[in-house]
Amino acid sequence: MMRYNLRNRNLLNTRGTYFGSSGSDTDSYDSDPDFGTPTRARRPRRSLPRAAGIRIRGSEGENSGWNTQRKRSGGRPPRSSGTREEHRRGLTERHKRRRTNFSLVPHVPVTKRSVVSWMIGLGIVKANEEVWYVDKPSGNILAEGIATREGIHCICCSRLVTAREFEVHAGRKTNKPYEYIVRAVSQRSLLACQIKAWEHKDEQERRKFNYIQPAPKAVDKNDDACMICADGGDLVCCENCPSTFHAKCIFMESIPQGEWLCFYCVCKYCGTANGMLKKCGQCEKLYHSNCGGEDLNLTNNAAHVFCGTSCKQIHDKFQRLLGVRNDLYDGLSWTLIQRRNQPLNGSSADDNYSRIECNSKIAVAWQVMNECFLSTVDRHTRANIVQSIVYNRGSNFTRINYAGFYIAILERGDEIICAASIRVHGKLLAEMPFIGTRERYRRQGMANILEKCIESTLCSMDIEKLVIPSMNDLTSMWMDKYFFARIEDESLKQALSVYNMVMFPAQVVKLHKTLVMLPDLNQIPPESDDEL
């Protein structure tokens, strides 16, 4: 688990600079939709002994030029201009080595983002290493090639091919090429190499649970930022969890007296916390089994109970879509993926292969997202927002709990060229906070293709609304090209406030699109509203 310390909320009432929200085909979207990039605190200048009459040009300490008539009262002799320049270069290099950058892009030029390229980048597979396609029963070598960042260079036809095409050249079509392609030197399959790459320390760090703990001198355990707008100030605190809110953000007319529980700590149907509450495996809302939804029994477990039929159907449909390649045209295909944990005992070989491939593509999708967006770091907890979303990392803080996110990827061959994040909060709401296209594929309609695939999938699940963020200068593009609309209705804003959606600052505009309007199948009391 990853641990953070909360800071004094009284010091957090100012906002950083924000740059954007989602990637598109017409803009580069090097954006920072949620939180400002962390800056290094300026070190205080040390007081140096000065002789009378010394005059220093500028006011930036050792970065400023010294007066040529400057006198010294002892200490080291003055440096020559060459020595000073070398000293500055040394300071710069040391600062670069010390600096932590969440969006560090590898120095090696990468023209493709694929599973093979990812393994080469981690050093699990060597660049230009010989690989074979081997028939397991006989041990015969059916094809030979060279693994490169661009793909596999097939020796028989002297051209770059994908792993699937390399399998076809070998005269096989198992749809599990990585299991049969092996490194010539070690005889280890590329599937085993993917497992090793997934267990690399960098990958393990990226998928850790975001555990937040209060600072040692904190006066309480609650969050320093509002769940809705991510700002500090006067906050209403939940008595059961760390969540906090501005009263106006949750449309609270008067501050409650006594104990108050937020909507993440009460039953979604009756609004109380009495009795045993269960968490829905899809929307993650709490519920009483006697109010609606499934109860725990011998046929299910705590991670697979649902608040109603709608959430169960949505979850089942997502699970059936995971890892399934959907061919489009011109070599394009799209796939829904999600980080998956170790399988339960008795999982089939096909399930294991799909899980390993999904996890590998999650790592590659993170590289694509990392290229498209600046570091989106929560300024309170320092959690990396986009990274946590891609790896669907949970948290003990509801505000940065990104469990339940799926990633939709658009591929050409075996190269991921566009990625989007999706989370469904129930039948009536889905959010897509990030969609990004690699620079070389922008202005070619790739994001438009992926967004339509996502919409079609959500419609097949009877999801009614899709919500996205947008910067002001890009709102017209989303409205004219993708037919989204501004969220202006106050009742809709109030309804959305009860969902744990990714937060964005005030200058980011929330847009929505109505997909379908069908009755909800969840069991709810007649006098209360289930969703929006």
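With that out of the way, let us pick up the overall build of the chain. A count of helices and strands for the chain gives 12 helices and 20 strands. Of the contacts made within the chain by residues no fewer than 6 positions apart, 60% connect residues no fewer than 24 positions apart. On the chain, roughly 26,500 Å² of surface is accessible, and the fraction owed to carbon and sulfur atoms is 49%.

Once that is clear, we can look at the sheet that holds strand β5 (residues 159–161). The antiparallel open sheet is built from five strands, whose spatial order is β5-β4-β3-β2-β6. This sheet does not close on itself; its edge strands, each paired only once, are β5 and β6 (181–183). Within the sheet, the average angular offset between the axes of one strand and its neighbour, ignoring direction, is 40°. The pairing of strand β3 (residues 141–148) with strand β4 (residues 151–154) spans four bridges and is classified as antiparallel. Each bridged residue has a counterpart across the sheet, and for A147 the counterpart in β4 is I152.

Disulfides are covalent bonds that connect the sulfur atoms of two cysteines. A complete count under the given rule lists zero disulfides for this structure. Its sulfur unpaired, C229 is 3.9 Å from the next cysteine sulfur, which belongs to C226. Free of any disulfide, C262 has its nearest cysteine sulfur in C241, 3.7 Å distant. Residue classification places C262 among the buried positions, given a relative accessible area of 0%.

Of all residues in the chain, 73% attain a pLDDT of 70 or more, and the chain-wide mean is 79. Residue range residues 95–107 is modelled with pLDDT below 50. Its contacts to residues more than four positions away, or to other chains, number 19 contacts. Predicted confidence for residues 523–532 stays below pLDDT 50, and this span has 26 contacts to residues more than four positions away or in other chains.

Moving on, we get to the pattern of salt bridges. In this structure the tally under the stated criterion is 22 salt bridges. With a closest N to O distance of 3.2 Å, K136 and E179 form a salt bridge. Remark: E179 occurs in helix α4 (residues 177–180) and K136 occurs in the loop between β2 (129–134) and β3; sequence separation between them is 43 residues. Residue E179 is classed as buried on the basis of its relative accessible area of 18%. Of the charged contacts in the structure, one is a salt bridge between K513 and E451, with a shortest N-O distance of 3.9 Å.

A few words now on the packing of aromatic side chains. What the rule picks out here adds up to 12 aromatic pairs. By the ring-pair criterion, three or more aromatic residues cluster together here, those being F245, W260, F263 and Y264. Looking at K136, its charged tip hangs above the ring of Y180, at a distance of 5.4 Å from the centre. Seen from the ring of Y499, K285 lies directly overhead, with NZ or CZ sitting 4.5 Å from the centre.

What counts as what
- Residues numbered from 1 in each chain as written.
- Predicted model: local features only at pLDDT ≥ 70, side-chain atom pairs only at ≥ 80, totals over all residues.
- Heavy atoms only, no water.
- Helix = DSSP H or I, 4+ residues; strand = E, 2+ residues; numbered from the N terminus.
- Contact = heavy atoms within 4.5 Å.
- Areas by Shrake-Rupley, 256 points an atom, 1.4 Å probe, with all protein chains shown as cover.
- Pairing = 2+ DSSP bridges.
- Axes fitted to C-alpha atoms, helices over the stretch in contact; angles between N-to-C directions.
- Disulfide = S-S within 2.5 Å.
- Buried < 20%, exposed > 50% of the residue type's maximum accessible area, 1.4 Å probe, protein only.
- pLDDT = per-residue confidence, 0-100.
- Salt bridge = Lys/Arg side-chain N within 4 Å of Asp/Glu carboxyl O.
- Phe/Tyr/Trp six-rings, centres within 6.5 Å; stacked < 30°, edge-to-face > 60°.
- Lys NZ or Arg CZ within 6 Å of the ring centre and 35° of its normal.

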